[in-house]
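Examining the three-dimensional arrangement
Here's the letter readout for the chains.
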Amino acid sequence: MKKIHFILNLTILSLFISTSSAQMTNDHPKGLIYLEADPLAYINKGYSIHPGYENWGLRFDLTFVKVDFPESFEKQFYKTAKFDLITKIHGIKIDYIGKRKNWTKGAFVGVDINRQKLQFTHRTTLSAKNLSAYYAGLRVGYKINIYKGFYITPWTAYWYNFGHLQTYQVNNDKVSTNKTDWILTIHLGYALNL
């Protein structure tokens, strides 16, 4: 958690230092830095931090996420309500945005590679075990300008687990990692021209 706070503070400091020289115009920038967050992670007792960089028709994004999923999610994606799930995700996204003059909006398509640590806690016995998944997949999204560097980005991804499937069993209750997974979410972001 200390590393995540350090990265977040460093990124915010960089954003504020760059503010004095940033020009919010629709001219094609040499590059830009941004910071995004998924509000759904915070709603679900977690965090979501995504520092990134855009240039050369590409966007590069680091992923630091923790989510305590609601029981409805566990039933839908893991077919059981016997286990509580807290997920930690670390990864990278690389998207193609093309050459655009207006850097505040536009579609993108890319790859999303991440490692997920899935902490399953058995609701009856309170015993817990960490399972791992190693996902890679495609994602698509669209950046929508709000105001002077602030934007929202709805996006979706479909992942394939390249790791071995893992299982955790307590008495007759069992849960396993998934071979495939998907997400549909929205990020809030702020970007600065360099």
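This report concerns the structure included in the present document. (Residues numbered from 1 in each chain as written. Predicted model: local features only at pLDDT ≥ 70, side-chain atom pairs only at ≥ 80, totals over all residues. Heavy atoms only, no water.)

**Focus on the sheet that holds strand β4 (residues 83-96)**
Taken together, 8 strands build a closed barrel; the order of strands is β1-β2-β3-β4-β5-β6-β7-β10 and the barrel is antiparallel. Shown here is a sheet whose adjacent strand axes are inclined to one another by a mean of 25 degrees, direction ignored. Across 11 bridges, the pairing between strand β7 (residues 150-161) and strand β10 (residues 180-193) is antiparallel. Bridge pairing in β10 links Pro154 to Ile186. Its contacts with the sheet put helix α3 (residues 71-78) on β4, β5 (106-122) and β10, and the angle it makes with β4 is roughly 70 degrees. (Pairing = 2+ DSSP bridges. Helix = DSSP H or I, 4+ residues; strand = E, 2+ residues; numbered from the N terminus. Axes fitted to C-alpha atoms, helices over the stretch in contact; angles between N-to-C directions. Contact = heavy atoms within 4.5 Å.)

**Some thoughts on the packing of aromatic side chains**
In this structure the tally under the stated criterion is 12 aromatic pairs. A ring pair is formed by Tyr135 and Trp159, whose centres lie 5.7 Å apart and whose planes are at 35 degrees; its orientation type is tilted. Within this pair, whereas Tyr135 is found in strand β6 (residues 128-147), its partner Trp159 is found in strand β7, the two being separated by 24 residues in sequence. We note that Tyr135, like Trp159, is buried. Cluster of aromatic residues (ring-pair linked, three or more members): Phe69, Phe73, Phe77, Tyr78, Phe83, Phe120, Tyr168 and Trp182. One Lys or Arg, Arg59, reaches over the ring of Phe108 and ends 4.8 Å from the middle of that ring. (Phe/Tyr/Trp six-rings, centres within 6.5 Å; stacked < 30°, edge-to-face > 60°. Buried < 20%, exposed > 50% of the residue type's maximum accessible area, 1.4 Å probe, protein only. Lys NZ or Arg CZ within 6 Å of the ring centre and 35° of its normal.)

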